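# A look at the structure
Okay, here's what each chain looks like letter by letter:
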Amino acid sequence: MRHRSWQVVPFTVLQQQNDKITELSNVLGYLVGNRSICDTEVTCELFSMYVDKVQEHLELEERELYQTLLTHGGQQVQGMAQKFLSGSAEIKRVFSQYLKRWCKDKAVRAKHHTQFVTETREMFQLVMKRIQDEVEQLYPTVREVEGSQFAA
């Protein structure tokens, strides 16, 4: 059986994605708070970029990380992989509901600005918590599992 080397998707790529998502969260968090610019074309483009970046990041992790954890890790590692997979599904569900409610034809429709800002910031917090958990829990575990594959 061929073991996949982590060189296929280096952690630097995942970290760069996380940095970009964080940057977009910070900028958008500021922009959506200002009613006069929250639904401008530029804000909508940035928001669309944000959603794409988060989805791309989650898909990359699903494609490249979880297989190793689910097939080569012990029960605790497999449980962590399941937890992160479940978290990905939850973020996708939240995004789907959010986009249905606030985005029409790739444009933000913030008719009820206060509610829009609240839900947007909650979504950003969910994603930022996920990034923190990846850095503190997921990536170290993947490195450990990957290392143990080649030590055997």
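Described below are features of the structure shown in this document. (Residues numbered from 1 in each chain as written. Predicted model: local features only at pLDDT ≥ 70, side-chain atom pairs only at ≥ 80, totals over all residues. Heavy atoms only, no water.)

Another aspect to go through is empty space enclosed by the protein. Counted under the stated rule, the structure contains 1 cavity of 30 Å³ or more. Within this model, the largest cavity holds a volume of roughly 40 Å³. Those elements that provide at least two residues to the lining of the largest cavity are helix H2 (41-64) and helix H5 (113-151). With 4 residues, H5 is the single largest residue contributor to the lining of the largest cavity. Split by residue class, the lining of the largest cavity holds 6 nonpolar, 1 polar and 2 charged. (1 Å grid on protein atoms, 1.4 Å probe; cavity = no way out; pocket = protein on both sides within 12 Å on 5 of 7 lines; lining within 4 Å. Points joined across faces, edges and corners; volume = space filled by probe spheres on them. Helix = DSSP H or I, 4+ residues; strand = E, 2+ residues; numbered from the N terminus. Nonpolar A, V, L, I, M, F, W, Y, C, P; charged D, E, K, R; others polar.)

With that settled, consider helix H1 (residues 11-33). For H1, built from 23 residues, the straight-helix expectation of 33 Å at 1.5 Å per residue is met to within 8% by its first-to-last C-alpha distance of 33 Å. Of the residues making up H1, those classed as buried are Phe11, Leu14, Gln17, Asn18, Ile21, Leu24, Ser25, Leu28, Gly29, Leu31 and Val32. (Expected span 1.5 Å × (residues − 1). Buried < 20%, exposed > 50% of the residue type's maximum accessible area, 1.4 Å probe, protein only.)

Moving on, we get to the pattern of salt bridges. A side chain with one charge may pair with a side chain of the opposite charge, provided their charged atoms come close. Under the counting rule described, the total for this entry stands at 7 salt bridges. For Glu64, the salt bridge is made with Arg63, and the minimal N-O distance between the two is 3.7 Å. Two residues, Glu90 and Arg93, come together in a salt bridge whose shortest N-O distance is 2.5 Å. Of this pair, Glu90 and Arg93 both sit in helix H4 (residues 75-102), 3 residues apart, roughly one helical turn. Each member of the salt-bridge network shares a partner with another, and the members are Glu61, Arg130 and Glu134. (Salt bridge = Lys/Arg side-chain N within 4 Å of Asp/Glu carboxyl O.)

Purely geometric numbers; function is a separate question.
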